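What follows is the residue order along each chain.
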Amino acid sequence: MKNTQSTQLLFELSKPGCRAVQLPECDVPTKPLDELLPKESISKTAPPLPELSEPDVVRHFVNLSTKNFSVDTHFYPLGSCTMKYNPKRNERLASLPGMADLHPYQPESTLQGMLALLHQSQNMLAEIAGLPAVSLQPAAGAHGEMAALLVAAAYFRDRGERRTNVLIPDAAHGTNPASAAMADLKTVAVKSTPEGFVDLDDLAAKLDDRTAVFMITNPNTLGLFEPKIERIAKMVHDAGGLVYLDGANMNAILGVARPGDFGADLMHFNPHKTFSSPHGGGGPGAGPIAVAELLGPYLPTPVVVKDGEGYRLDYDRPKSIGRVRSFFGNVGVLVRMYCYLRSHGPEGLRRIAEDAVLNANYLLHRVKDILPVPHGERCMHEFVASSAALKAERGVTTMDIAKRLLDYGFHAPTVYFPLVVREAMMIEPTETESRAALDAFADALARIVEESPELLHEAPHETPISRPDEVQAARKPVLRWREEE
Ligand SMILES: *Cc1c(COP(=O)(O)O)cnc(C)c1O
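Calculation notes
Residues numbered from 1 in each chain as written. Predicted model: local features only at pLDDT ≥ 70, side-chain atom pairs only at ≥ 80, totals over all residues. Heavy atoms only, no water. Helix = DSSP H or I, 4+ residues; strand = E, 2+ residues; numbered from the N terminus. Rg over C-alpha atoms; globule rule 2.2 N^0.38 Å. Buried < 20%, exposed > 50% of the residue type's maximum accessible area, 1.4 Å probe, protein only. Contact = heavy atoms within 4.5 Å. Areas by Shrake-Rupley, 256 points an atom, 1.4 Å probe, with all protein chains shown as cover. Lys, Arg positive; Asp, Glu negative; His and termini not counted. Charge placed at Lys NZ, Arg CZ, Asp CG, Glu CD. Phe/Tyr/Trp six-rings, centres within 6.5 Å; stacked < 30°, edge-to-face > 60°. Near = heavy atom within 4 Å. Polar contact = N/O pair within 3.5 Å; in protein donor to acceptor, adjacent residues only side chain to side chain. 1 Å grid on protein atoms, 1.4 Å probe; cavity = no way out; pocket = protein on both sides within 12 Å on 5 of 7 lines; lining within 4 Å. Points joined across faces, edges and corners; volume = space filled by probe spheres on them. Nonpolar A, V, L, I, M, F, W, Y, C, P; charged D, E, K, R; others polar. Axes fitted to C-alpha atoms, helices over the stretch in contact; angles between N-to-C directions. Parallel < 35°, antiparallel > 145°, perpendicular 65-115°, else oblique. Left-handed = near helix turned anticlockwise from the far one by under 90°. Pairing = 2+ DSSP bridges.

### Some points on the overall build of the protein chain
Working step 1: Looking only at helices and strands, the protein chain has 17 helices and 12 strands in total.
Working step 2: Against the compact-globule benchmark of 23 Å for 485 residues, the protein chain has a radius of gyration of 26 Å, which places it among compact chains.
Working step 3: Buried positions account for 51% of the 485 residues belonging to the protein chain.
Working step 4: Taking as baseline every contact in the protein chain between residues at least 6 positions apart, the subset at least 24 positions apart corresponds to 70%.
Working step 5: In the structure as shown, the protein chain presents an accessible area of about 24100 Å², 54% of it carried by carbon and sulfur atoms.
Working step 6: In the protein chain, 50 side chains carry a positive charge and 61 a negative one; their mean positions are 1 Å apart.

Next comes the structure, spelled out in structure tokens:
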């Protein structure tokens, strides 16, 4: 991607006197500003805004937008994030005035269509999860984790049990321990076996009467389905604990396996991953949770219930943990999810999972001849390659390869995660990519590993900015155009 266009700021492009809009002379009586505003509120100098014509502004932003890598412009195999193509149809439906212009303070009688949509969404998620009680409120996967852990804690409190430990495998996503901490619970790490599964001896040693929840990602972050999941669930249940499924990887098992059937008591979905809402860049997401019948009473309030012919929001839930989000959650994301679920139907959803797994296995078989894939001859929806050998032999790191992929027109895979694989590169192609796209990616990777370490250390070479200092950017972000005088 050759992109040498200007990266100047609007302030630097500013030309005194330039205007986007020319307003006619005012033809009604005017009042001086100090009759309208208190004196001390009126600035003595004009704000330092850039002065530009409309085409300058439009070109600036359109050109900037083309410097981004996105699912709509590039292959984006960011493992764990499920960066699938999002059908534009869902965007259009979610922005229909009847959806987008609703106000949450409208009387329920005027919101019946939306409530019906949300109610059906609850039911569809319950069916996919194999868990009957659903809350759509949480605003992201991590938020769903926290809400579900609060539900579990409320359940144990209600039973008079003091259980404070959350057991989490060492391959887990960082949000799992973070959510446990936010819910005021204690994290206990459980080891993985060399094959990448839960170490049952270590799990047994850590289960006791303080265990509240075992959080498991299945398929896990190595892209492997835990073969002993039912045994694990039994061990946790026998110790009096609950099993939480991190549902970020549901794309691999939609319509094939239901978490409730393999022993999960609680789970979250990431509609912005699995059900095609655009994500990344901090955009809104959603993190609905589904829980077992006995945990239903503790779900966040309100939930949408059917009442005769109509629908209403049920606030009368004395055991509820209360609200976790204003109004009904990020409804715009839920509408996209609903459209996606309805347009694919049960058969289509299963096909999505099968195609995602097929694509990942095709790419795995091409990539493993280029970079070792320590855990697996086969995978689910993603797999983790390692550049550890390349680093030992030639000093080329996973970061070098990830950066160089940008020059070839590919967004980098997730790197250095999961932590259990050294120099990890976590690749998730998703079901929406063609075989040609997968081949092009593998071909680029094959060429990159042959390139000189010097060239790779300096990559990317074709992007407007090469390697920003990420630590500095996080610690000392420059958010102002210029320091205040
Ligand atoms: C993305 C992800 C999460 C967190 O979900 P968000 O919606 O980003 O908050 C949790 N666990 C795993 C395995 C994930 O991939």
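### Description of the packing of aromatic side chains
Working step 1: In the structure shown here, the tally under the stated rule is 9 aromatic pairs.
Working step 2: Relative to phenylalanine 262, the ring of phenylalanine 225 lies with its centre 5.7 Å away and its plane at 90°, an arrangement referred to as edge-to-face. Within this pair, whereas phenylalanine 225 is found in the loop between β4 (211-217) and α10 (229-238), its partner phenylalanine 262 is found in the loop between β5 (242-246) and β6 (266-268), the two being separated by 37 residues in sequence.
Working step 3: On the basis of relative accessible area, phenylalanine 225 is assigned to the partly exposed category, the value being 27%.
Working step 4: Residue phenylalanine 262 is classed as buried on the basis of its relative accessible area, which comes to 8%.
Working step 5: On the numbers, 6.4 Å between centres and 50° between planes, the contact of phenylalanine 275 with tyrosine 340 is tilted.

### A look at the site of the ligand
Working step 1: Neighbouring the ligand are 13 residues; Ser80, Gly141, Asp246, His272 and Lys273 lie closest to it.
Working step 2: With respect to the ligand, the side chain of aspartate 246 contributes an N or O atom lying 2.6 Å from a nitrogen atom.
Working step 3: For the ligand, an oxygen atom lies 2.8 Å from a polar atom in the side chain of lysine 273.
Working step 4: In isolation the ligand has 380 Å² of accessible area, and contact with the protein removes 87% of it.
Working step 5: Those elements that provide at least two residues to the shell around the ligand are α7 (141-158) and α11 (271-274).
Working step 6: With 3 residues, α7 is the largest single contributor of residues to the shell around the ligand.

### What about the layout of surface pockets?
Working step 1: In this model, the largest pocket occupies a volume close to 500 Å³.
Working step 2: Along the walls of the largest pocket sit 23 residues, with Lys67, Phe69, Leu406, Thr463 and Ile465 positioned nearest its centre.
Working step 3: Elements with a minimum of two residues in the lining of the largest pocket: α14 (398-407) and β11 (414-415).
Working step 4: Tallying contributions element by element places α14 first for the lining of the largest pocket, with 4 residues.
Working step 5: Its residues assigned to classes, the lining of the largest pocket shows 14 nonpolar, 6 polar and 3 charged.

### Some points on the packing of α14 against helix α15 (residues 435-448)
Working step 1: Relative to each other, α14 and α15 sit at 125°, their axes nearing to 10 Å. Taken together, α14 and α15 sit at an angle that is classed as oblique. Helix-helix and strand crossings are classified by hand; for α14 and α15 the assignment is right-handed. Packed against α14, whose contacting residues are Ile401, Arg404 and Leu405, the element α15 presents Phe441, Ala444, Leu445 and Ile448 at the interface.

### Focus: the packing of helix α12 (residues 331-367) against α15
Working step 1: As a packed pair, α12 and α15 sit with axes 10 Å apart at the nearest point and diverge in direction by 25°. Considering their axes alone, α12 and α15 lie roughly parallel with respect to each other. Classified by chirality, the crossing of α15 by α12 is right-handed. Here Asn359, Tyr362, Leu363, Arg366 and Val367 of α12 lie close against α15, whose contacting residues are Arg435, Leu438, Asp439, Phe441, Ala442, Asp443 and Leu445.

### Description of the sheet that holds β11
Working step 1: The 3 strands lie next to each other as β10-β12-β11, forming an open sheet whose pairing is antiparallel. Where the open sheet ends on each side, the last strands, each with one partner, are β10 (383-386) and β11.
Working step 2: Relative to strand β12 (residues 424-427), β11 runs antiparallel, the two sharing 2 bridges. Paired with valine 415 across the strands is methionine 425, a residue of β12.
Working step 3: On top of the sheet, α12 reaches β10 and β12; it is set at about 15° to β10, its chief contact.

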